[in-house]
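Listed below are the residues making up each chain.
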Amino acid sequence: MDRPAVVVLFGGRSSEHSISSATAGGILRAIDRDRYRVIPVGITRDGIFVLEVDDPDRFAMSAGRLPEVVDNGTRVLWPEGGGDQTLRVRHADGTTAELGRVDVVLPILHGVHGEDGTVQGFLDTLRLPYAGGGVLDSALCMDKHFMKIVLAAAGVPVTPWVTVTRRRWTREPDVVRAEAADLGATVFVKPARAGSSVGVSKVHEPGEMDAALELAFAEDDKVLIETAIVGREVEVAILEGRGGAAPRASLPGEIVLTTREFYDFEGKYLGGDGAEVVCPADLSAAEVDAVQSLGVRAFEAVDGRGLARVDFFATPDGKLVVNELNTMPGFTPISMFPKCWIASGMSYAELISELVDTALERVS
């Protein structure tokens, strides 16, 4: 039997381009080549689909070096639709070659133009199976404003917040400042539709608000101001159930901060000191059950598909507050999502196979 062909799709137009590229390096290194035929397809920062080199080292992340997809002159030609699933490439010299049938796309894209339902809708239009979230859950969870509305409507506790558009900030800054003050002495300011802590600031006093908003508005014209919750930062990894079963939750992990103000981009990806990813988290059996149960509830509330990481604050009085859901969480070998499943008994390679096989099962 021929091995299913998996297109590993990465890069993209968002500010998280390099994180997606680094994830590709980990997946290309670990995916089971005996089970799958791999076709690496990169998206440049300008949105050009290119056939990439199948070399994990090409996309390794190291201190001071962020990998990226560059225009190598190739052009990936997607199937024409109508049931055709043949992928083609046009080389720089103008010649065209077939890459064979695509069985499933693994879109490991972070941020807008990839994790927000746009690529998922494109693949749905072409009738190409793909792993991970669908259009609805991807779009909902990419926009933190609407994600909170949906979770709150389902009875899932969320961090108190105010949403501010650039237009509103320009027209009524004093009203925005007053609303921010009502959220508490310390708040977080973050873009509504960005990830990896890009554009996020912790604001300790009113004089810092203007600069924090401008930083966030550089990423998005819609921004959230949130109450800074005092508590442990706990995260759980969710996988879609197989064969009609309920979603599954991993053992929870925890972000332990020592000297870092919050888990920012440097702490996540550049080896910055002051933050440690611990999995499994030091929780009682009852606490683990509560985190897993609420994680599954949140996943089902947004009509989750494929996978998600659910991030919580666990307050000293025993309450859980959902900070956000991420439908394509960091997926490098050192990221929290894989670490949680590894701690739960699933290897990194098995986790990749689980995502691919779930997508294949969905269309079988």
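Structure's up top.
Note that the coordinates shown come from a computational prediction; the quantities given were computed from them, not determined experimentally. (Residues numbered from 1 in each chain as written. Predicted model: local features only at pLDDT ≥ 70, side-chain atom pairs only at ≥ 80, totals over all residues. Heavy atoms only, no water.)

## With respect to the packing of aromatic side chains
How two aromatic rings sit relative to each other is set out by the distance from centre to centre and by the angle between their planes.
Turning to step 1, where the next piece is worked out: On inspection of all chains with the given rule, the structure shows six aromatic pairs.
Turning to step 2, where the next piece is worked out: Taken together, the aromatic side chains of Phe49, Trp78 and Phe122 make up a single cluster linked through ring pairs. (Phe/Tyr/Trp six-rings, centres within 6.5 Å; stacked < 30°, edge-to-face > 60°.)

## With respect to helix 11 (residues 348–363)
Turning to step 1, where the next piece is worked out: For helix 11, which comprises 16 residues, the first-to-last C-alpha distance of 24 Å matches the rise-based estimate of 22 Å (1.5 Å per residue) to within 8%.
Turning to step 2, where the next piece is worked out: All of the buried residues along helix 11 are Tyr348, Leu351, Ile352, Ser353, Glu354, Leu355, Val356, Asp357, Thr358 and Ala359. (Helix = DSSP H or I, 4+ residues; strand = E, 2+ residues; numbered from the N terminus. Expected span 1.5 Å × (residues − 1). Buried < 20%, exposed > 50% of the residue type's maximum accessible area, 1.4 Å probe, protein only.)

## What to know about the side chain of aspartate 220
Turning to step 1, where the next piece is worked out: Secondary-structure assignment places aspartate 220 in the loop between helix 7 (209–217) and strand 11 (222–227).
Turning to step 2, where the next piece is worked out: For aspartate 220, a relative accessible area of 8% corresponds to the buried category.
Turning to step 3, where the next piece is worked out: Here the side chain of aspartate 220 touches arginine 193 through a polar contact of 2.7 Å, side chain to side chain.
Turning to step 4, where the next piece is worked out: When near neighbours in sequence (up to four residues on either side) are disregarded, aspartate 220 contacts Arg166, Pro191, Ala192 and Arg193. (Polar contact = N/O pair within 3.5 Å; in protein donor to acceptor, adjacent residues only side chain to side chain. Contact = heavy atoms within 4.5 Å.)

## Here's the deal with the sheet that holds strand 10 (residues 201–203)
Turning to step 1, where the next piece is worked out: An order of 8-11-9-10 is seen for the four strands of this open sheet, with the pairing classed as antiparallel. Each having just a single partner strand, strand 8 (161–165) and strand 10 make up the two edges of the open sheet. On average, each strand axis in the sheet is tilted by 25° relative to the strand beside it, whichever way the strands run.
Turning to step 2, where the next piece is worked out: Pairing of strand 8 with strand 11 involves five bridges; the strand directions are antiparallel. Residue pairing for strand 11: tryptophan 161 is matched across the bridge by glutamate 226. (Pairing = 2+ DSSP bridges. Axes fitted to C-alpha atoms, helices over the stretch in contact; angles between N-to-C directions.)

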